[in-house]
Amino acid sequence: MSTPNLPEMDIEEEIRALQLDSAEDNGAIDVEEPKQQAVEQVDKMEEDLVEVPHQNSETIEAEPKELPVKEKEAVVHEDNEELNDAAEENKKRHLNVVFIGHVDAGKSTTGGQILFLSGQVDERTIQKYEKEAKDKSRESWYMAFIMDTNEEERAKGKTVEVGRAYFETETTRFTILDAPGHKSYVPNMISGASQADIGVLVISARKGEFETGYEKGGQTREHVQLAKTLGVSKLLVVVNKMDDPTVNWSKERYNEIESKMIPFLRSSGYNVKKDVQFLPISGLIGTNMKTRVDKKTCPWWNGPCLFEAMDVIEVPLRDPNGPFRMPIIDKFKDMGTVAMGKVESGSVQEGDVLLVMPNKVQVKVLAVYCDENKVRRAGPGENLRVRVSGLEEDDILSGFVLSSISRPIAAVCEFVAQLQILELLDNAIFTAGYKAVLHIHAVVEECEIIELLQQMDPKTRKLMKKKVLFVKNGAVVMCRIQVNSMICVEKFSDFPQLGRFTLRTEGKTIAVGKVTDLPTAGTSG
């Protein structure tokens, strides 16, 4: 029995409650948003921000401290450059975009085309990639080579790792995360989506390809469910390959795809009116991406092009004055230990002393890099490389968290969670002793269900009094989960980004959940 067969409203409400709708309630504020007001960005986002004047005023006060003109003149030349970087960076808001969808839908090609259209890749490089793709008898892959940089990816035409690239529009700096579509690489896709603010779901309009991706077992479905769980609250659904001879910019084909996707997006917890936008494109030739599609090509499309849609998308706000939280996704050695990650809360600057959790080691921040630039200070939503002293590179693992000393993140071996069972493997029942792989922010850890506490009545949304011993597909249940080693998590109600997770087993996502309770400090080690 699969999820979409269940009563649609129950699941829709369930997953919505379970997943992300409390992001707005979380009082989180994005450090970049007020800047947008300052740049007189006249769109709906501005109105939304006016509704939270209290935090906004804090944000605006927190920002200018970085860049007083007199101080700028007083500092030495190198610092002056850094301040300029910070000033330049912060004029525009920053967004992480993850490209998701079924294998071969055109995610890497679309990402490559965006970089080409925004001037990040020159004509000569494109010609080089065209020749390379031709030599491999894969002429149509040349745009994907911009995103797929390693040989394995180019030979197979499949993205394996999460590619990263940067581009800018009038109002926004974007980091593109190109996630793999192939089901073998879903764990890599999870690590990409967990850093993303918005998702671009790429769907192939080519005859047969949409159906393969959407049917049971296709990656389109799993990616959408994962994206919602991992906090991708806004989705642009781009219907790609509209120029294909089997499609030829057909309005009927576009409408058919839209009508099939909408109920599924709803059942995954997306508010289709508010959080989802559909648009047709051709990633390979760049139609309806930077500029709107010509009426001769597509007379029926009156909506925005991809760049316009990405520019005005609204994102969840985060708190620059909250306790610092940066889950570490990677580390390397470079004149000290460098940790990479996305700031989920708080701000960081050179000279700060932070705590690496769960091993409770104090480190000093020597330098902060945002994208490729050195900056003095960075706030939430930014992808950073932070150089620290006081800890060897070998002592840091993916999933560790850089955290403020005054309010460190919790390190636990077990926690209580609310789980939505999506689809168990053939005939399995979910009971105490069930083992799975837990994905929570950058943590990937084996876990075991220790105890089922209470099941939730799907109709009344209240917990049932009767003790439950096992549950099946579609159930919502409170349970205790144990992991083998200490991990850093937060309650979903405090930090949604660090309190939502997925459970996978044998390459399938079987449940999504949120952390509802943590052991008290005395018992968490």
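Rules behind the numbers
All residue numbers here refer to positions counted from 1 along the written sequence of the relevant chain. The predicted origin of the model limits local features to residues at a pLDDT of at least 70 and limits the giving and counting of side-chain atom pairs to 80 or more, whereas totals for whole chains, interfaces and linings rest on all residues. Only hydrogens and water are removed before side-chain values are computed, so all heavy atoms of the structure are retained for them. Put simply, DSSP marks the helices as runs of H or I at least four residues long and the strands as runs of E at least two long, and each gets a number from the N terminus on. Accessible area is worked out with a 1.4 Å probe on protein chains only. A residue is then buried under 20% of its type maximum, exposed over 50%, and partly exposed in between. Contact definition: two residues touch when any of their heavy atoms are within 4.5 Å. Residue-level accessible areas treat just the shown protein chains as cover; the underlying method is Shrake-Rupley with a 1.4 Å probe. The term polar contact refers here to a pair of N or O atoms within 3.5 Å; inside protein, the definition further demands a hydrogen-donor-capable atom paired with an acceptor-capable atom, and it admits residues adjacent in sequence only when both atoms are side-chain atoms. At least two DSSP bridges between two strands are required for those strands to pair. Nonpolar cores are built from buried Ala, Val, Leu, Ile, Met, Phe, Trp, Tyr and Cys residues. Side-chain atoms within 4.5 Å join them into one set. Residue-level confidence of the predictor is what pLDDT reports, using numbers from 0 through 100. For this document, the term salt bridge refers to a Lys or Arg side-chain nitrogen within 4 Å of an Asp or Glu carboxyl oxygen.

Undergrad: Kindly report on the overall build of the protein chain, identifying the contributing residues and their values.
TA: For the protein chain, the count of helices and strands is 16 helices and 24 strands. Across the 525 residues of the protein chain, 57% fall into the buried class. For the protein chain, the share of sequence-separated contacts (at least 6 apart) that also reach a separation of at least 24 residues comes to 72%. For the protein chain, the exposed surface amounts to about 22200 Å²; the carbon and sulfur share of it is 50%.

Undergrad: Go over the side chain of glutamine 497 with me, naming the residues and quoting the values.
TA: As for its position among the elements, glutamine 497 is in the loop between strand S22 (476-489) and strand S23 (500-505). On the basis of relative accessible area, glutamine 497 is assigned to the buried category, the value being 18%. Looking at glutamine 497, its side chain comes within polar contact range of the main-chain oxygen of glutamate 344, at 3.2 Å.

Undergrad: Please provide a residue-by-residue account of the environment of glutamate 211, values included.
TA: Within the fold, glutamate 211 resides in helix H12 (residues 209-214). Between the C-alpha atom of glutamate 211 and that of isoleucine 257, which follows or precedes it by 46 residues, the distance is 9.1 Å. Within the local environment of glutamate 211, its side chain forms a polar contact with the side chain of arginine 253, the two groups lying 2.9 Å apart.

Undergrad: Which residues make up the pairing of strand S4 (residues 198-204), and what values do they have?
TA: Within S4, 7 of the 7 residues are buried, which leaves it mostly tucked inside the rest of the structure. What you see with S4 is no split at all: Ile198, Val200, Val202 and Ser204 on one side and Gly199, Leu201 and Ile203 on the other are buried throughout. Across 4 bridges, the pairing between strand S1 (residues 93-100) and S4 is parallel. Note on S4: the bridge partner recorded for valine 97 is isoleucine 198.

Undergrad: An account of helix H7 (residues 107-117) is needed here, citing residue identities and associated values.
TA: Most of H7 sits inside the fold, with 9 of its 11 residues counted as buried. One or two positions beyond H7, positive phi appears at glycine 119, with a value near 80°.

Undergrad: Lay out the nonpolar core with the relevant residues and their values.
TA: Most often, soluble globular proteins have nonpolar side chains that are buried together. Core analysis: the largest hydrophobic core is formed by 59 residues, its most contacted members being Met261 and Leu265. Among the elements that make up this core, the one with the highest residue count is helix H14 (residues 251-267) (6 residues).

Undergrad: Any details on the confidence of the model for the protein chain? Residues and values, ideally.
TA: In this model, the protein chain carries an average pLDDT of 75, and 70% of its residues clear a pLDDT of 70 or more. The low-confidence segment residues 1-9 (pLDDT under 50) makes 14 contacts with residues lying over four places distant or belonging to another chain. In this model residues 18-89 is a low-confidence stretch, pLDDT under 50, and it forms 134 contacts with partners more than four residues away in sequence or in other chains.

Undergrad: Now, about unusual backbone geometry: what can you tell me, with residues and values included?
TA: Cis peptide bonds are those with omega within 30 degrees of zero, and the linkage from methionine 357 to proline 358 qualifies with 10°. In this fold, proline 358 is placed in the loop between strand S10 (353-357) and strand S11 (361-370). Here the phi dihedral of lysine 241 falls at roughly 60°; this positive angle occurs in a residue that is not glycine. Phi at lysine 360 is positive, roughly 55°, even though this residue is not glycine. Assignment of secondary structure puts lysine 360 in the loop between S10 and S11.

Undergrad: Describe the pattern of salt bridges, naming the residues involved and giving the relevant values.
TA: Per the counting criterion, the structure on display carries 17 salt bridges. The partner of lysine 241 in a salt bridge is glutamate 209, and the shortest N-O contact between them spans 2.9 Å. Placement of lysine 241 in the loop between strand S5 (234-240) and H14 and of glutamate 209 in helix H12 is noted, with a sequence separation of 32 residues between them. We classify glutamate 209 as partly exposed; its relative accessible area is 25%. The closest approach of N and O atoms between arginine 480 and glutamate 451, which form a salt bridge, is 3.0 Å. Placement of arginine 480 in strand S22 and of glutamate 451 in strand S19 (residues 443-456) is noted, with a sequence separation of 29 residues between them. On the basis of relative accessible area, glutamate 451 is assigned to the partly exposed category, the value being 25%. Through salt bridges with shared partners, one network takes in Arg206, Glu209, Lys241 and Asp244.

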